[in-house]
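Listed here are the chains, written in short residue letters.
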Amino acid sequence: MEDASAKTPRPRNTPLKQDENPVAETAGKKPKRAKKESAASGKHEKLLQTIGVICTFVSIFLLFSFVSYLINWFDDRSSDDIFSNLTFQRILSDSQVVANNMGGRAGAALSAFFIKQGFGIGAFFMVIWLFFVGIRYTLKYSIRPLLRSFLVFICMMVWLSVALGFLFKNTSLSILGGVVGYELSAWLEGFIGKMGLVALLLVTFICFLILAYNLSLYKLKDKVQKGVSSLGSDLAGTAKNTSAQPGDKHNLEQYAVDEKEEELLLNKPIPDAPPVVVETPKTVETQLAENVFEITPPFQKETPSPKAKAKEDVEFTVETPTMAAPVETTPGKEEPAVPDPAVIPAPQIHNGLDIPFDPRAELSTFQLPGLDLLDDYGDGTVNINKEELETNKNRILETLGNYGIQIDKIKATIGPTVTLYEIIPAPGVRISRIKSLEDDIALSLSALGIRIIAPIPGKGTIGIEVPNQKPEIVGMKAVLASEKFAKSSFELPFGIGKNIQNEVFVADLAKMPHILMAGATGQGKSVGLNAIIASLLYKKHPSELKFVMVDPKKVELTLFSRIERHYLAKLPDSEEAIITDTSKVVRTLKSLNIEMDARYDLLKDAQVRNIKEYNTKFIERKLNPLEGHRFLPYIVLVVDEFADLIMTAGKEIEVPIARLAQLARAIGIHLIIATQRPSVNIITGIIKANFPARVAFRVTSKIDSRTILDQGGADQLIGRGDLLLSTGNDLIRLQCAFLDTHEVERITSFIGSQRGFLEPYALPECADEENNLAANEMDPSERDEFFEDAARVIVLAQQGSTSLIQRKLKLGYNRAGRIIDQLEAAGIVGPFEGSKAREVKIGSEMALEQFLKDLYSKDRQTEL
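Each chain has its residues counted from 1, following the order in which its sequence is written. The model is predicted, so local features are restricted to residues of pLDDT at least 70 and side-chain atom pairs to those at 80 or more, both for listing and for counting; the totals for chains, interfaces and linings are taken over all residues. Heavy atoms from the whole structure form the basis of all side-chain values; hydrogens and water molecules are not counted.

(A) Geometry of empty space enclosed by the protein. Using only the protein atoms, space was sampled on a 1 Å grid; points where a 1.4 Å probe fits but cannot get out form cavities, open sets with protein on both sides within 12 Å along at least five of seven lines form pockets, and lining residues are those with an atom within 4 Å of a point. Grid points are joined across faces, edges and corners, and a volume is the space filled by probe spheres set on the points. Using the criterion set out here, one finds two cavities of 30 Å³ or more in the structure. Of the pockets and cavities examined, the second largest cavity occupies roughly 50 Å³. Taken together, Gly 415, Pro 416, Thr 417, Val 418, Lys 498, Asn 499, Ile 500, Asp 722, Arg 733, Leu 734 and Gln 735 form the lining of the second largest cavity. When contributions to the lining of the second largest cavity are tallied by element, the ones reaching two or more residues are β9 (493-499) and β18 (731-736). Strands are runs of DSSP state E lasting at least 2 residues, helices are runs of H or I lasting at least 4, and numbering of each runs from the N terminus. A total of three residues in the lining of the second largest cavity trace back to one element, the largest contributor, which is β18. Think of it as three bins: nonpolar holds Ala, Val, Leu, Ile, Met, Phe, Trp, Tyr, Cys and Pro, charged holds Asp, Glu, Lys and Arg, and polar takes everything else, Gly as well. Taken together, the residues of the lining of the second largest cavity sort by class into four nonpolar, four polar and three charged.

Quick look at the structure:
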């Protein structure tokens, strides 16, 4: 006897117990409601496909009939009149009626009705629309939105019929406008006259272009003005760098409305079908509405299991974000390398207090580089591979289904190199279960590396980032030409690339305020540095921005030496603009600290809090230059390989950099530090604490990723410019813009060919404090008892190192270090040279004995 409670249905709103499993209970039988939904959906799909096939056949039949009618009409006008007056019943029943038409008697009659008695050749628009309907319902492929195209074709058919009826009135070609066009044009001509009818046709045509195809008269006017001005400039021989106003964005709102209406018509249930609780369409449909694709692929199998049934209810949406309209620019032409002094205008003299100070006056003829200096890698649009999307989606769902994880919805956002699949798990699914399947999903997709974001911050979804099979190249030209960069109001704007929504990412270096960039060798770190520097060069005047470039590798930043007299800053006695010597790096950093302290004194006297307020006061003549006030340009310190500096100089490099990172934001000194060795002894806690903005390219281990970003993810990047940007709270995945070496050469050559400042921007002088002590500052009585022995060991080995003294004399490190300092003070070894051994200044043991005798005699004379 069965338990009565087993047959009693559970109330609708009663929650399930922990041990209850509705899937297990219904695994052996299929719900009746699901059968009815599946039957109704299948009936709906068959009806739509039948309608599509009929529409396709009718459109092709009418096309051949209309074309045949137009070809034979002039030679067979008598039979055409017959077909115009006959009824369809007579045409179908009377076999004596002969038609010279590819569609037979029916084709001739329909052609005479729609073309001659109707709208003329405008009737072809009806054929095209029927073909669109057939393709949409048969192949599930939308060439154009049906409702929108119907309205557009109706308007075009009526307008063309009236226009042709007016043009070919009372001629042998009057058939082109049809009877409808002839009658309407005749009525309008009698109502408003010929001139009024011509004006009406012209006005309606322009209004149609504005409403249907977003014709912008403003944009047309601007293009005409730019063409005229460009022609005038070429004739006059001038070289001006003009930038066009950004184009209007394409308005796709009407497309979205039409697509939504069509989707409602397509998915509208049949009245006889039972009500459906959850809409689960079983067809593949693609629609375009503001670049949003909704795809519901079929998941039906011959014997659906409970897991397969869960897959059938998944809604799949693919989003491709809109691209901002690029800003067209007309770059300026290069000036001669050595301009005529008589042509150069004299700099503006700022003597009057009523004249605002102009920091650009000294280089008033300077032109910012143009976009023609950069290579074009495409317009930045994303090519959608629907087959790849479907395959990846099916594999993700299959992998999750194998582990009993059900998904309610999945959406894909396509980027230039990575596609983000956002999934919404069914209620009761733990996020940790999906996170643990990262390697299984990567195996099923055969992907280079995937990254699971569980959950996505600010969204109730879980993200799975999958690399595209054919990644797109993001060109630097597309980034700099974007409206977002061109209209940026940031103090130090830079565009480093595009995010996963294919949108240009623009940030403000002044607010970051420093960037720590790390990644393995060959993953795009140097290209990222060049992209940031190029962005600043395209935005800032030489009087407003200065770079201090440190390149221990001596090859990465050498191209920027051409802009030394425009954008670079260096020590007064330095010969090279790009700093490569470690000792000069230490001096430069100390000089920047002196500059920082001096600027803070200026801000204190001016009673302002940051460099922006200070420069505003100075431009408005509220600060007196005779009291030491001056216009303060932004200074950006760029270090290409930070690990080499730490290894050679250690604390001498870390301490001044940490001090600059802590204090220099307010006075306009910002740091960009890059390294290919993201280890904890290079990126120390002091460095990480003062660099909240971090850029991580691909690394080899999760430990390196955590060292850079304090979390994993950088080890799962795909390389070639794929990066993660952390700004403290958000972690953004970007594709770095590609900037090749020859593009950098063009930019620097263009800037270097123009007139610059007489001298590069000079940093404050800094004393050369080497790690040596003068001989007269060493007390001879404080020499160690192993001083002579250590000197003999050093001279015999011809290698001045502390570790050698430790090993040979069996001393501790501190004592050996003091002895090596005493040897340096005595002049036996040279100063500290980083990772190299100290220079031994005495060549033989005999020379050493003579040197020691002279040293001791000199010490005795000093005591006397």
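(B) Just the sheet that holds β18, in detail. In this analysis, strands are considered paired if DSSP registers two or more bridges between them. Spatially, β10-β9-β18-β17-β16-β11-β15-β14-β12 is the arrangement adopted by the nine strands of the open sheet, whose pairing is mixed. The open sheet terminates on both sides in strands that have one partner only, identified here as β10 (504-508) and β12 (545-550). Sheet twist, expressed as the average angle between the axes of neighbouring strands with direction ignored, equals 30 degrees. Note that strand β14 (residues 634-639) and strand β15 (residues 669-675) share five bridges and pair parallel. Axis angles are defined between N-to-C directions and span 0 to 180 degrees, where every axis is a line fitted to C-alpha atoms and, for a helix, only to the segment in contact.

(C) Spotlight on the pairing of β10. With five of five residues buried, β10 is to be regarded as a mostly interior element. Three labels apply to residues, based on accessible area from a 1.4 Å probe with only protein chains included: buried if under 20% of the type maximum, exposed if over 50%, partly exposed otherwise in between. Of the two faces of β10, the one lined by Val 504, Val 506 and Asp 508 and the one lined by Phe 505 and Ala 507 are each fully buried. Where β9 lies against β10, five bridges are found, and the strand directions are antiparallel. The partner of Lys 498 across the bridge, within β10, is Val 504. Taking the residues that link successive antiparallel strands as the turn, the β9-β10 hairpin has four residues, and the phi of Asn 502 there is positive, at about 65 degrees.

(D) Inspection of unusual backbone geometry at higher detail. Note that the residue after Met 512, namely Pro 513, is joined by a cis bond; omega there is -10 degrees. Turning to its location among the elements, Pro 513 is positioned in the loop between β10 and β11 (515-518). Of note in the backbone geometry, Gln 607 takes a positive phi value of approximately 60 degrees without being a glycine. Structurally, Gln 607 can be placed in the loop between α20 (582-606) and α21 (611-619). Accessibility expressed as a relative area gives 71% for Gln 607, which makes it exposed. The phi torsion at Asp 710 lies on the positive side, around 65 degrees, for a residue other than glycine.

(E) Quick peek at the nonpolar core. What is meant by a nonpolar core is a set of buried Ala, Val, Leu, Ile, Met, Phe, Trp, Tyr and Cys residues, joined one to another through side-chain atoms within 4.5 Å. Residues Phe 547 and Ile 653 are the most contacted members of the largest nonpolar core, which totals 114 residues. In this view, Ile 653 contacts Val 585, Val 586, Leu 589, Phe 642, Leu 645 and Ile 646; residues no more than four positions away in its chain are not counted. By size, the runner-up hydrophobic cluster in this structure holds 24 residues, among which are Ile 407, Ile 414, Tyr 421 and Ile 450. Only heavy atoms enter the contact rule, under which two residues are in contact if any of them lie within 4.5 Å.

(F) A look at the side chain of Glu 544. Here Glu 544 shows up in the loop between α18 (525-539) and β12. We define a polar contact as two N or O atoms separated by no more than 3.5 Å, with the added condition that, inside protein, one atom must be a possible hydrogen donor and the other a possible acceptor, whereas residues neighbouring each other in sequence contribute only through side-chain atom pairs. Looking at Glu 544, its side chain comes within polar contact range of the side chain of Arg 360, at 3.1 Å. Apart from residues no more than four positions distant in its own chain, Glu 544 is found in contact with Arg 360, Phe 631, Pro 633 and Tyr 634.

(G) Region of interest: the confidence of the model for the protein. The pLDDT value tells you how sure the predictor is about a given residue, anywhere from 0 up to 100. Across the protein, the average pLDDT comes to 76, with 73% of residues at or above 70. Model confidence for the protein, summarised as mean pLDDT per element, is weakest for strand β1 (residues 242-243) at 38 and strongest for β14 at 95. Here residues 235-313 scores under 50 on pLDDT; set against residues more than four positions off or in separate chains, the count is 156 contacts. Across residues 769-776, confidence stays below pLDDT 50; counting only partners more than four residues off in sequence or on other chains, it has eleven contacts.

(H) Expanded view of helix α23 (residues 651-663). One less than the residue count of a helix, multiplied by 1.5 Å, gives the span that helix is expected to have. Taking 1.5 Å of rise per residue, the 13 residues of α23 would be expected to cover 18 Å, and the 18 Å separating its terminal C-alpha atoms lies within 8% of that figure. Taken together, the buried positions of α23 are Ile 653, Glu 654, Pro 656, Ile 657, Ala 658, Leu 660 and Ala 661. Where α23 is buried, its residues contact α20, β14, α22 (642-649), β15 and α24 (685-690).

(I) Inspection of the packing of aromatic side chains at higher detail. Paired rings are identified among Phe, Tyr and Trp, the last through its six-membered ring, by centres lying within 6.5 Å, and are further divided according to the angle between planes into stacked (under 30 degrees), edge-to-face (over 60) and tilted (the rest). Per the stated rule, a full pass over the model turns up twelve aromatic pairs. Centroid distance Phe 66 to Phe 114: 6.3 Å. Interplanar angle 50 degrees. Geometry classified as tilted. Of this pair, Phe 66 sits in helix α3 (residues 32-72) while Phe 114 is found in helix α6 (residues 104-119), placing the two residues 48 residues apart along the sequence. The interplanar angle of 35 degrees and the centroid separation of 5.4 Å between the aromatic rings of Trp 159 and Phe 205 together place this pair among those described as tilted. One end of the pair, Trp 159, is in helix α8 (residues 146-167); the other, Phe 205, is in helix α9 (residues 178-213), with 46 residues separating them in the sequence. For Phe 205, a relative accessible area of 36% corresponds to the partly exposed category. Taken together, the ring pairs in this structure connect Phe 66, Phe 114 and Phe 124 into an aromatic cluster. Across from the ring centre of Phe 787, 5.3 Å away, lies the NZ or CZ of Arg 783, which sits over that ring. Charges are assigned to positions over rings by a cutoff of 6 Å between ring centre and Lys NZ or Arg CZ, combined with an angular limit of 35 degrees from the ring normal.

(J) Layout of the pairing of β12. Most of β12 sits inside the fold, with six of its six residues counted as buried. Relative to β14, β12 is paired through six bridges, and the arrangement is parallel. From the neighbouring strand, Val 550 faces β14, where its bridge partner is Val 639.

(K) Main features of the packing of α18 against helix α26 (residues 741-752). Running from N to C, α18 and α26 point in directions that differ by 30 degrees, and their axes come no closer than 12 Å. When the interaxial angle is binned, α18 and α26 end up roughly parallel. Crossing of α18 against α26: the hand is left-handed. Only Val 744, Ile 747 and Ile 751 of α26 make contact with α18, whose side of the interface consists of Asn 530, Ala 534, Leu 537 and Tyr 538. When the residues that make up the contact of α18 with α26 are grouped by side-chain class, the tally is six nonpolar, one polar and no charged. When describing relative orientation, an angle under 35 degrees is termed roughly parallel and one over 145 degrees roughly antiparallel, while 65 to 115 degrees is termed roughly perpendicular and anything else oblique. Note: crossing handedness is left-handed where the near helix turns anticlockwise from the far helix by less than a right angle, and right-handed where it turns clockwise.

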